[in-house]
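Working through the structure, step by step
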Amino acid sequence: MSIGDGREGKVRAAMAKGQLGGRLAGLSLPRQIVAIALWPLLEQVMSFICASTSLFLATRMGQDGWVKAQLASGIGVTSYVMWLGFLLQGAVGMGATAVVSRMTGARRFRDANFAANQAAMMGFLAGVTSALVMYGSARWLIYDVVELSGYAQEVAMRYISIGAWVAVFSGVVFGVNAALRGAGDTKTPFFIMLCVDSLNVVFSVLLVAVCGMEVEGLAWGMVGGMAVACFILLGILVYRGRQMHARMQGMELDAYAAQQSDTYVPPLFLHAPSLLPNPAMLYRIVVIGVPQAVEQLGIYLIQLYVLHVISSLGDSAVGAHNIAIRIESMSFLPGFAIGMAGATLVGQYLGARNIRMAVETVLRCVRYSVAFMGSMGVVFFLFPALFVSIFADGSPQLLETATPVVRVFLLAEPFYAAMLTIKMCLRGAGYTRRVMYVSYGGMGLIRMGGLMLWSTLWPETLSLTWVWVLFSLDMAIEYAILHRMLLNLKWVRKKV
């Protein structure tokens, strides 16, 4: 927005009425977005490098193109098994972000810290449940739902039988990180995930390249990296707790904060009594998080059907689909970081009763996200083989199948960016149920319904490229609905 734009004065006036605290105090809206989005962006970059390293190592375990395709397919299928297990953890994280951001904006720091501790406890329970769900459902999903050859199925089972237990540690990490982001602290989650991803890469390379453990090495590398990072995060929270108790000298947290500057925001810390389950706070987190979990479960089932259809096109199609997802996640990095910043700022501005700035935050974030991801779509369209060859080296089947899919990103990325950002911002406001309805409607009718109709009536014309074109159509329609929902402003009145 230019200085001469008449809206700029309104935005500044609105910011003055509902000022945020901490390191966001006194910053313009674009600088607030950058301040929060920077660390999640770096975090996403590291996660991308980590996930890509696993795929890179997996596709170099075999000597010929067929084996590489089998490895890519087997490792790719495990992401769907783990997606099922992480549904509960995502629900806890979404609820924690919404509640903590709203409490922080309202300067109710004791409630915010209490919610963060409750999220840590719920994250652990969700993690244990997730691990059991993944371990128990893996064989059915891999052998009965997805049509893969025997070797690809073996690869997937070898990986998931070990990797499922990462959820025990990730539940705590994701729950606490979500609470920290809600409070405006995105730097600490970045460093924690930096530990997760760095250790994952180091452990995986050592176990695969040095110890020769192959698929099992990748799984143990993932579990080891998350476990070490979990204990580091808990150590940081304990250290912060000791510091805060020494400073407060017996005072209540809100009373202590009231004696500081108007922009002071205390750090979240571990408080042992706050780990005991509290029905009222658990309800507040759950009532926001459950629609998120239900939405993701429905999306998961739809995507599982999509994977079933894709697997009927052959093992190379499954491997190419996994590679295409990995390449698309490059553009997802800035979009997700901006959306995360938007979710935090929307929650805090609504907590500070500044509706104008909450709305302006969403609009700005959408524009920034579309600009970044749309530009990446152009790059993918111009140089598709360059990106595909990173993961498909030595496999002409994967290269031939994935390259045209990557060109489709030119159409998909702008709509994906806008849809993703609006969804994250509305969830940050606690408006999770309506977002769930949109996701169900778009993906259920277009992706699942369209594929059912296509695979039944014209199966000979169906290809992986056309499947991704159908995805793009779904994203465009969902964006149109979400944009209308954004402008009617019912979401700003959502109580959290």
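All of these numbers come straight from a predicted model, not from anything done at the bench.

**Some details on the side chain of threonine 403**
In this structure, threonine 403 sits in helix H15 (residues 396–407). Not counting the four nearest positions on each side in its chain, threonine 403 is found in contact with Pro384, Ala385 and Val388.

**Considering the pattern of salt bridges**
As enumerated under the stated definition, the model contains eight salt bridges in all. Linking glutamate 478 and lysine 423 is a salt bridge whose minimum nitrogen-to-oxygen distance equals 2.8 Å. Of this pair, glutamate 478 sits in helix H18 (residues 464–487) while lysine 423 sits in helix H16 (residues 409–428), and the two are 55 residues apart along the sequence. Since its relative accessible area comes to 7%, lysine 423 is described here as buried. We note a salt bridge from aspartate 474 to arginine 447, for which the minimum N-O separation is 2.7 Å. Linking aspartate 474 in helix H18 with arginine 447 in helix H17 (residues 432–457), this pair joins segments that are 27 residues apart in sequence. The exposure classification of aspartate 474 matches that of arginine 447, with both residues buried. Here the residues in one salt-bridge network are Glu154, Arg158 and Glu216, joined through shared partners.

**A closer look at the confidence of the model for the protein**
Atom-level detail of predicted coordinates should not be read off regions where pLDDT is low. Mean pLDDT over the protein stands at 84; residues scoring 70 or higher make up 91%. Scored below 50 in pLDDT, residues 1–6 shows seven contacts in the model against residues more than four places distant or in partner chains. Of the regions scoring below 50 in pLDDT, residues 8–17 engages in 19 contacts with residues more than four places distant in sequence or in other chains.

**Details of the nonpolar core**
Formed by 146 residues in total, the largest nonpolar core has its most connected members in Ile327, Leu426 and Trp491. Here this core gets 18 residues from one element, more than from any other, and that element is helix H12 (residues 315–351). Setting aside anything within four residues of it in sequence, one finds leucine 426 in contact with Tyr431, Val435, Leu482, Met485, Leu486 and Trp491. Of all hydrophobic cores here, the second largest spans eight residues; its members include Leu253, Tyr256, Tyr264 and Phe269.

**Regarding the environment of tyrosine 368**
Locating tyrosine 368 in the fold gives a position in helix H13 (residues 355–382). Expressed as a C-alpha distance, the spacing of tyrosine 368 and proline 30, which sit 338 residues apart in the sequence, is 9.6 Å. Excluding residues that lie within four positions of it along the chain, tyrosine 368 makes contacts with Pro30, Ile33 and Ile338.

**Some remarks on a nonpolar patch on the surface**
A cluster of nonpolar side chains, Val378, Val379, Phe381, Leu382, Phe383, Leu386 and Leu410, forms an exposed patch at the surface whose accessible area comes to about 600 Å². Per-element accounting of the nonpolar patch gives the leading share, four residues, to H13. If you trace the backbone, phenylalanine 381 turns up in helix H13. Using a relative accessible area of 33% as the deciding quantity, one classes phenylalanine 381 as partly exposed.

**With respect to the packing of aromatic side chains**
Throughout the structure, instances matching the rule amount to 11 aromatic pairs. Pairing tyrosine 135 with tryptophan 165 gives two aromatic rings, centres 5.4 Å apart and planes at 40°, and the pair type is tilted. Taken together, the positions of tyrosine 135 in helix H5 (residues 109–145) and tryptophan 165 in the loop between helix H6 (150–163) and helix H7 (167–182) put the pair 30 residues apart, joining distant regions of the chain. Take tyrosine 135: its relative accessible area is 48%, and that puts it in the partly exposed class.

Calculation notes
- Here the residue numbering is sequential within each chain, running from 1 through the sequence in written order.
- With pLDDT at 70 or above as the cut-off, local features in this predicted model cover only qualifying residues; side-chain atom pairs require 80 or more to be listed or tallied, and sums for whole chains, interfaces and linings still use all residues.
- To obtain the side-chain values, all non-hydrogen atoms of the structure were included, while hydrogens and water were left out.
- Under the DSSP-based scheme used, a helix requires at least four consecutive residues in state H or I and a strand at least two consecutive residues in state E, with every element numbered from the N terminus.
- By definition in these notes, contact holds between two residues if any of their heavy atoms fall within 4.5 Å.
- What counts as a salt bridge is simple: a side-chain nitrogen of Lys or Arg found within 4 Å of a carboxyl oxygen of Asp or Glu.
- Burial classification: accessible surface area is computed with a 1.4 Å probe over protein chains only, and a residue below 20% of its type maximum counts as buried, one above 50% as exposed, and the rest as partly exposed.
- The predictor reports its confidence for every residue as pLDDT, a score running from 0 up to 100.
- By nonpolar core is meant a set of buried Ala, Val, Leu, Ile, Met, Phe, Trp, Tyr and Cys residues that side-chain atoms within 4.5 Å join together.
- Like-charged residues are merged into a patch within 9 Å and nonpolar side chains (Val, Leu, Ile, Met, Phe, Trp, Tyr) within 5 Å, provided each residue has over 30% relative accessible area and no salt bridge.
- Only the protein chains shown count as cover for residues, and all accessible areas are computed by the Shrake-Rupley method using a 1.4 Å probe.
- Any Phe, Tyr or Trp ring, taking Trp's six-membered ring, that has another such ring centre within 6.5 Å forms a pair; planes under 30 degrees apart are called stacked, those over 60 apart edge-to-face, and the others tilted.

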